[in-house]
Amino acid sequence: MRATTTMTRGRARVDASAPVRATTTRARARRAVPRAIEQVDAARESERLAVFLSKKGRHASFEATRRAVKRVHESANGRAVREYMALPASQYSTLDGESVERVADDTFKVELSELAFLGLTLKPKLTAKVVVREDGSGCEVRVEDMELTGSGVVENASDAFEIVSVNNVTWRDVEYESLGAKEREVLETCGGEYKEFMSETSVSVYIIVPGWFPFTVKATERTGRFVVKQVVGQVVPRFLNQLAEDYRTWSSGDDSRAATGDGMFECYVPECEVSERR
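In this report, the structure presented in the accompanying data block is examined. (Residues numbered from 1 in each chain as written. Predicted model: local features only at pLDDT ≥ 70, side-chain atom pairs only at ≥ 80, totals over all residues. Heavy atoms only, no water.)

Section: the overall build of the chain
Reasoning step 1: Within the chain, the regular secondary structure consists of four helices and ten strands.
Reasoning step 2: In the chain, the succession of helices and strands from N to C terminus is β-β-α-β-α-β-β-β-β-β-β-α-β-α.
Reasoning step 3: Counting contacts in the chain only where the partners sit at least 6 residues apart, residues at least 24 apart contribute 71% of the total.
Reasoning step 4: Of the roughly 15400 Å² of accessible surface on the chain, a fraction of 50% belongs to carbon and sulfur atoms. (Helix = DSSP H or I, 4+ residues; strand = E, 2+ residues; numbered from the N terminus. Contact = heavy atoms within 4.5 Å. Areas by Shrake-Rupley, 256 points an atom, 1.4 Å probe, with all protein chains shown as cover.)

Describing the pattern of salt bridges
Reasoning step 1: The final tally for this structure, using the stated rule, is 13 salt bridges.
Reasoning step 2: As a salt-bridge pair, Glu45 and Arg142 come within 2.6 Å of each other at their nearest N and O atoms. Of the two residues, Glu45 sits in helix 1 (residues 18-53) while Arg142 sits in strand 8 (residues 138-150), which places them 97 residues apart along the sequence.
Reasoning step 3: Residue class for Glu45 comes out buried when judged on its relative accessible area of 9%.
Reasoning step 4: Across the salt bridge formed by Glu111 and Lys123, the nearest N and O atoms sit 3.5 Å from each other. Here Glu111 is found in strand 5 (residues 107-111), whereas its partner Lys123 is found in strand 7 (residues 120-133), with twelve residues between them in sequence.
Reasoning step 5: Via salt bridges that share partners, Arg71, Arg172, Glu183 and Glu196 belong to a single interconnected network. (Salt bridge = Lys/Arg side-chain N within 4 Å of Asp/Glu carboxyl O. Buried < 20%, exposed > 50% of the residue type's maximum accessible area, 1.4 Å probe, protein only.)

Points about the packing of aromatic side chains
Reasoning step 1: Tallying each qualifying case throughout the model produces eight aromatic pairs.
Reasoning step 2: Between the aromatic rings of Phe62 and Phe117, the centroid separation amounts to 6.2 Å while the plane-to-plane angle is 45°, which identifies the pairing as tilted. Here Phe62 is found in strand 3 (residues 58-74), whereas its partner Phe117 is found in strand 6 (residues 115-117), with 55 residues between them in sequence.
Reasoning step 3: Relative to Phe213, the ring of Trp212 has its centre 5.7 Å away and its plane inclined at 80°; by these criteria the two rings are edge-to-face.
Reasoning step 4: A relative accessible area of 55% means that Trp212 is categorised as exposed.
Reasoning step 5: On the basis of relative accessible area, Phe213 is assigned to the buried category, the value being 6%.
Reasoning step 6: Taken together, Tyr84, Phe197, Tyr247 and Trp250 form an aromatic cluster joined through their ring pairs. (Phe/Tyr/Trp six-rings, centres within 6.5 Å; stacked < 30°, edge-to-face > 60°.)

Notes on the nonpolar core
Reasoning step 1: One finds Tyr84, Phe197, Val205, Val231 and Leu243 to be the most contacted residues of the largest nonpolar core, which totals 58 residues.
Reasoning step 2: Broken down by element, the residue count for this core peaks at 13 residues, all from helix 4 (residues 217-251).
Reasoning step 3: Leave out the neighbours within four places in its chain, and Tyr84 touches Phe197, Leu243, Asp246, Tyr247, Trp250 and Arg257.
Reasoning step 4: Residues Leu49, Phe52, Tyr206 and Ile208 belong to the second largest nonpolar core, which totals five residues. (Core = buried A, V, L, I, M, F, W, Y, C linked by side-chain atoms within 4.5 Å.)

Some points on the pairing of strand 5
Two faces, one strand: in a regular strand the side chains alternate between the faces of the sheet.
Reasoning step 1: In the sheet, strand 4 (residues 100-104) pairs with strand 5 via four bridges, with the strands oriented antiparallel. Looking at strand 5, one finds that Arg102 is bridged to Phe108.
Reasoning step 2: What sits between the antiparallel neighbours strand 4 and strand 5 is a turn of two residues.
Reasoning step 3: Of the strand pairs in this sheet, strand 5 and strand 7 are connected by five bridges, and their pairing is antiparallel. Bridge pairing links Glu111 to Lys125 in strand 7. (Pairing = 2+ DSSP bridges.)

Re the environment of Tyr92
Reasoning step 1: Turning to its location among the elements, Tyr92 is positioned in the loop between helix 2 (81-85) and strand 4.
Reasoning step 2: Considering only alpha carbons, one finds Tyr92 and Arg257, 165 residues apart in sequence, at a separation of 6.7 Å.
Reasoning step 3: Not counting chain neighbours up to four residues away, the residues in contact with Tyr92 comprise Met85, Leu87, Arg102, Phe108, Val130, Val132, Cys139 and Arg257.

Re the pairing of strand 9 (residues 161-173)
Reasoning step 1: Sheet analysis places strand 8 next to strand 9, joined by five bridges and oriented antiparallel. In the strand pairing of strand 9, Arg142 is matched with Val166.
Reasoning step 2: Relative to strand 10 (residues 193-209), strand 9 is paired through 13 bridges, and the arrangement is antiparallel. Residue pairing for strand 10: Val169 is matched across the bridge by Ser199.

Have a look at this one:
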């Protein structure tokens, strides 16, 4: 460790903490850059939403949140979770080769399966941007745009929908005391550690309900909440499962970054009976 020397009342004093402070300052600076980008993206999102909410019409909104955790084994001979989470977005796998397409280093197109919503068939296509925290603590995935296709009237309805969706992906150490018997056996046999990937996802959808629509705003919101909750509840655990599988592939030394699965955005949503009509 390099030390610096300062003078105090005529005596030399060695300050061995200076390199530590410098390292800490650099680490904070690295964390500050992606967080600043996240704040800018959030501000743009708020502006976009404010413009949408200022439009005339009957407005409805609904949301859903989901937290999920996936445990992975970090091999003593493999690459670490922190290194994996610090990879630039340009080196991300799409995870799902069928429904996710890279359109820029940090931007992806995501196509969901068809959804039934109040007698309409919707097929959302999302544009999502990834901001990676360079210290390896995680990333933020934020939806920037949504395009709708589907049955007749839906084709021209994209302007009547707005979405705010953020997936905060992080990880943490797993204490030995919280491991199961099989996991402890793995550590005794192979060494290494256990980590947990965590995803906290929130999705809010805003709609301008057209005048010809036969359902009330209340019924629209109740049905929309049910649909979004079903979608988020199915997609988030699959996302973490495929993230863990991709980490296992990458940690073994495979840098191909090929998608490790499919069907991540295939969602089954049962019919929701609606009785409230205008």
